[in-house]
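Here are the chains, one letter per residue:
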Amino acid sequence: MAKIIGCVTTSHVPAIARAIAKGQQEDPYWKEWFDGFKPVHRWLAQARPDVAVIVYNDHGLNFFLDKLPTFAIGAAAEYQSADEGWNIPTVLPFRGDPQLSWHVINSVVAEGFDITMCQEMLVDHALCNPMALLWPGGKEWPVRIVPVEINTVQFPLPSAARCYRLGEALGRAIASYPEDLRVLVMGTGGLSHQLDGERAGFINKAFDQKFMASLTADPTWVTRYSTIELVEQTGSQGIELLLWLTARAALGAGARAITANYHIPISNTAAGMMLLEPAA
Ligand code: DHB
Ligand code: FE
């Protein structure tokens, strides 16, 4: 049977791709952020996942405001990256796992989640940058991927409670897949940031740190907040923490942190990263 071996959550700021392209990982601005992934690289070398199920949000590349699903799952054999406007380099295509994708789609639809099924899907910085942070070097990706896309762009957004339940359903879907796969779940985006409007540059360190701590001790803590309250607390793009929450929920009730990093700011974002393992 397939098994979830861990969960990595990380910010996906576009500037990360530019720093990688320019080889700036040792620059003072970037060092602490990139160094935070060294324990993750060591963990990945041991854990050897076959597939990554990646919970992320599209930023106008694959979906736009005219047609915007709440939940979409990729079921393609391959996913290409493209530039949605940040002028960052594309990366090598990702291999999909259509069989696992369809199993996950069938399973979560049966549990009442209405999913947009994508047999063609472009992926943006929110998927590509986390992958490049986990597997640097620009070589062929060592895992197949299943993209799980959640609207965090245009209201109405799914609630934190709904996202938590979707994450639990993803966990059950993966655990019921008959092939012996080692599955890494990823959640991208966040933490607090706001890119536009009066509060551009808004960061809420206290809330971010409470949220990160909650993911081990009390993972449903943030579900007491409405999406509007979460935008107030974290900024209009900080709401991407829903993607962390969904990924975390796939692990089940108990989880322990292997490593974590919180670094203010990268671009406009309070950049966070966590590696979690399911409780034994
Ligand atoms: C930034 C952060 C994001 O999450 C994003 O999608 C785009 C830009 C930023 O801080 O620059
Ligand atoms: Fe984003």
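The coordinates are above.
Residues numbered from 1 in each chain as written. Chains lettered and ligands numbered in written order. Predicted model: local features only at pLDDT ≥ 70, side-chain atom pairs only at ≥ 80, totals over all residues. Heavy atoms only, no water.

Quick look at the pattern of salt bridges
Applying the stated criterion to the full structure yields seven salt bridges. D35 is the partner of K31 in a salt bridge, and the nearest nitrogen-oxygen pair spans 2.8 Å. Taken as a pair, K31 and D35 lie in helix α2 (residues 28-35) at a separation of four residues, close to a single helical turn. Classification of K31 as partly exposed rests on a relative accessible area of 30%. (Salt bridge = Lys/Arg side-chain N within 4 Å of Asp/Glu carboxyl O. Helix = DSSP H or I, 4+ residues; strand = E, 2+ residues; numbered from the N terminus. Buried < 20%, exposed > 50% of the residue type's maximum accessible area, 1.4 Å probe, protein only.)

Regarding the site of ligand 1
Around ligand 1, a shell composed of 13 residues is seen, among which H59, H125, H193, S267 and T269 lie nearest. At a separation of 3.0 Å, an oxygen atom of ligand 1 approaches a polar side-chain atom of H12. Between ligand 1 and S267 there is a distance of 2.6 Å, counted from an oxygen atom to a side-chain nitrogen or oxygen. Contact with the protein chains covers 97% of the free accessible surface of ligand 1, which is 300 Å². In the shell around ligand 1, the residues fall into five nonpolar, seven polar and one charged. (Near = heavy atom within 4 Å. Polar contact = N/O pair within 3.5 Å; in protein donor to acceptor, adjacent residues only side chain to side chain. Areas by Shrake-Rupley, 256 points an atom, 1.4 Å probe, with all protein chains shown as cover. Nonpolar A, V, L, I, M, F, W, Y, C, P; charged D, E, K, R; others polar.)

Considering the pairing of strand β2 (residues 51-56)
Of all six residues that make up β2, six are buried, and the element is covered over most of its length. Where burial is concerned, the two faces of β2 agree: the one with V51, V53 and V55 and the one with A52, I54 and Y56 are both buried. The pairing of β2 with strand β8 (residues 144-150) spans six bridges and is parallel. Counterpart to A52 in the pairing with β8 is I145. (Pairing = 2+ DSSP bridges.)

Focus on the sheet that holds strand β4 (residues 78-81)
Spatial strand order, β5-β4-β7: three strands in an open sheet with mixed pairing. Edge positions in the open sheet fall to β5 (94-95) and β7 (122-123), since each of these has one partner strand only.

So, the packing of helix α4 (residues 98-110) against helix α6 (residues 160-175)
The N-to-C vectors of α4 and α6 enclose an angle of 130°; their axes lie 9 Å apart at closest approach. Comparing their axes, α6 and α4 come out oblique. Like other packed secondary-structure pairs, α4 and α6 cross with a definite hand, here right-handed. Within the contact between the two elements, α4 uses H103, V104, S107 and V108 and α6 uses L166, A169, L170 and A173. In the contact of α4 with α6, the residues fall into six nonpolar, two polar and no charged. (Axes fitted to C-alpha atoms, helices over the stretch in contact; angles between N-to-C directions. Parallel < 35°, antiparallel > 145°, perpendicular 65-115°, else oblique. Left-handed = near helix turned anticlockwise from the far one by under 90°. Contact = heavy atoms within 4.5 Å.)

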